[in-house]
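A closer look at the structure
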Amino acid sequence: MKSKTTGLSEQITTQVNAFSALSLGFYVLKENAEGNTDIDLYNTVSQKLTGDVIKTFQGEAIPGKPRCMDVNHQLAFVDPKSGALSSGNLLCITTENNEVRWIRALDCTTVMDASNSHYAPVEGEIPYRTIRGYFTAYFLTNNGVYSTYTASQNSTGIFGPVAGSGGSTHVVGGTGTTNYYSPVYWSEQARRLEMLDYNGSQQPVYENDAQMATTNYDCLDCGLSTAGGDLMYFVFADRTDATKKYLYQVTPRLSYAEVTNVRALDPESHFAKASLRAFNGQQATIAYALDGGKVYSYNLASVGAEKELPFSGLPSGEQVTFLSNRYFAGSGAFDCLVVGTQSGSTYKLYFYNMVGGEPNGNPQLTITGTGKLKSLGYINPKVSDQSKAAAMPVLDE
């Protein structure tokens with residue numbers, strides 16, 4: 001800036017955030033009436049739902065049933081119109097037809113897909129999901145995990161080096177204090193747990209005992225709990241006897257991870273029989289289990305009695321089909337236990353405040369939409385790169 005009266009100049013630096021009606025709020029991944037993939041957005045400022053966002057802005061939904069959706073704040077990409085290096089908040093959406101798209105939330109433009117996400121074509125790729133760490137984004141596939149750097153690193157956003165020997169949708173991100181948000185994930189192809197560091201290089205996961213080997217297991221669920229230390233949990237079922245289930249506790253470090261406890265689940269417990277599971281991320285060392293239409297808490301720290309959780313204001317006639325601890329560490333931080341229900345073609349999401357990981361009072365927010373609910377994500381245009389808000393949470397939904 002230059003003064004007209006004195007002729008003196010001053011340099012001022014400021015940050016500009018681009019906003020639109022699609023930039024802020026809760027994205028809902030869903031299956032539409034035709035069996036294809038679309039999303040709804042509940043804008044938390046206008047308190048209005050925009051339905052069928054992809055069909056509305058791109059002309060048609062993505063072919064195939066939904067597999068996964070991740071909100072990737074501050075990813076880099078090459079602008080498809082100008083060819084310039086760009087950055088923004090993207091939605092990575094994958095389908096059971098093995099479609100993958102990275103969609104810019106600002107205007108619902110697809111900026112990357114299978115045709116330009118690699119430096120060279122990759123045949124027969126199964127895309128699972130894209131998550132991000134401190135300054136690295138990880139693209140999990142059946143071939144392994146590809147990585148690229150995020151917006152602050154002036155990256156092209158194209159996924160280059162591949163590490164590991166497979167992948168899946170089951171992945172847990174670390175924390176900033178433990179390992180710069182490095183992930184541990186289940187490799188469906190190698191049938192083992194694998195880890196990447198904050199640069200995308202493979203690191204070992206030590207089992208320390210031959211009986212901890214997961215070769216004959218299927219991974220059912222996973223999650224992060226930080227209330228009792230930065231601990232990752234994976235639920236496995238024996239491939240020859242599905243009634244035999246195990247809870248693996250994994251302790252992540254900067255350059256390795258270690259299986260530090262294995263618990264055989266009581267086959268009669270609600271957690272073992274659950275049709276849905278989730279993990280409390282921050283408030284308590286508990287997980288959640290949906291069994292017989294009711295939600296129970298399960299103690300992760302020690303074996304104890306399970307507790308049925310009351311959900312005030314949840315209609316008794318609605319079928320619970322979704323369960324998640326959704327939290328956010330940026331501006332407007334929140335920490336909610338979210339219950340989703342399905343009644344015909346109508347879904348509802350109920351957001352509960354918590355005390356000690358348990359729902360407290362009536363829902364503070366209810367979202368209603370049309371379609372078959374799959375998962376939930378939160379996006380905020382004020383999130384900066386290399387932050388907890390950008391990297392967490394990574395949820396197994």
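Residues numbered from 1 in each chain as written. Predicted model: local features only at pLDDT ≥ 70, side-chain atom pairs only at ≥ 80, totals over all residues. Heavy atoms only, no water.

This part takes up the overall build of the protein chain. In terms of helices and strands, the protein chain carries four helices and 30 strands. Projected onto the principal axes, the alpha-carbon positions of the protein chain cover approximately 80 × 45 × 45 Å. Within the span of the protein chain, comprising 397 residues, buried residues form 54% of the whole. Restricting the contact set of the protein chain to residue pairs at least 6 apart, pairs at least 24 apart contribute 52%. Per element, the accessible surface of the protein chain, about 16,900 Å² overall, is 47% carbon and sulfur. Counting 29 positive and 37 negative side-chain charges, the protein chain places the averaged centre of each group 5 Å from the other. (Helix = DSSP H or I, 4+ residues; strand = E, 2+ residues; numbered from the N terminus. Buried < 20%, exposed > 50% of the residue type's maximum accessible area, 1.4 Å probe, protein only. Contact = heavy atoms within 4.5 Å. Areas by Shrake-Rupley, 256 points an atom, 1.4 Å probe, with all protein chains shown as cover. Lys, Arg positive; Asp, Glu negative; His and termini not counted. Charge placed at Lys NZ, Arg CZ, Asp CG, Glu CD.)

What the rule picks out here adds up to 17 salt bridges. For Arg191, the salt bridge identified is with Glu188, shortest N-O distance 3.2 Å. Accessibility expressed as a relative area gives 10% for Arg191, which makes it buried. Connected through salt bridges with shared partners, the residues Glu188, Arg191, Asp218 and Arg239 form a single ionic network. (Salt bridge = Lys/Arg side-chain N within 4 Å of Asp/Glu carboxyl O.)

Another point: the sheet that holds strand 12 (residues 171-173). Backbone-to-backbone hydrogen bonds join strands into a sheet, with any given pair of strands oriented parallel or antiparallel. Strand order in the open sheet formed by four strands is 12-13-14-15, with antiparallel pairing between adjacent strands. Edge positions in the sheet fall to strand 12 and strand 15 (202-203), since each of these pairs with one other strand and no more. (Pairing = 2+ DSSP bridges.)

Here we come to the nonpolar core. Ranked by size, the top nonpolar core spans 23 residues in total, and within it Val184, Leu193, Met232, Phe234, Phe236, Tyr248 and Val250 carry the most contacts. Elements with a minimum of two residues in this core: strand 13 (183-187), strand 14 (192-196), strand 17 (217-225), strand 18 (231-238), strand 19 (245-252) and strand 20 (257-264). Broken down by element, this core gets its largest block of residues, four residues, from strand 17. Phe322, Val338, Leu349 and Val383 belong to the second-largest nonpolar core, a separate cluster that totals 20 residues. (Core = buried A, V, L, I, M, F, W, Y, C linked by side-chain atoms within 4.5 Å.)

Once that is clear, we can look at the state of the cysteines. Evaluation of the coordinates by the stated rule reveals zero disulfides. A disulfide-free cysteine, Cys108 has its sulfur positioned 14 Å from the sulfur of Cys92, the nearest such atom. Left without a disulfide partner, Cys222 is nearest to the cysteine sulfur of Cys219, which lies 5.4 Å away. According to the relative accessible area criterion, Cys222 is buried, its value standing at 5%. (Disulfide = S-S within 2.5 Å.)

This part covers the environment of Tyr352. You can see Tyr352 is positioned in strand 27 (residues 346-355). Overall, Tyr352 belongs to the buried group, its relative accessible area being 0%. For Tyr352 and Gln153, which are 199 residues apart along the polypeptide, the C-alpha to C-alpha distance reads 37 Å. Excluding residues within four positions of it along the chain, Tyr352 makes contact with Phe311, Ser312, Gly313, Leu314, Asp335, Cys336, Leu337, Pro359, Gly361, Asn362 and Pro363. A polar contact is formed between the side chain of Tyr352 and the backbone oxygen of Ser312, at a distance of 2.8 Å. (Polar contact = N/O pair within 3.5 Å; in protein donor to acceptor, adjacent residues only side chain to side chain.)

A separate point is the environment of Cys108. Along the chain, Cys108 turns up in the loop between strand 6 (100-104) and strand 7 (109-113). Here Cys108 falls in the buried class, since its relative accessible area comes to 4%. Taking C-alpha positions, Cys108 is 7.8 Å from Leu22, a pair spaced 86 residues apart along the chain. Those residues in contact with Cys108, other than ones at most four positions away along the chain, are Leu22, Val53, Ile54, Phe57, Gln58 and Ile103.

Moving on: unusual backbone geometry. Residue Met392 is joined to Pro393 through a cis peptide bond whose omega torsion reads -5°. One non-glycine residue, Tyr181, lies in the positive phi region at around 65°. Under the relative-accessibility criterion, Tyr181 is labelled buried at 9%. For Arg191, which is not glycine, the phi torsion reads 55° and is therefore positive. Mapped onto the secondary structure, Arg191 falls in the loop between strand 13 and strand 14.

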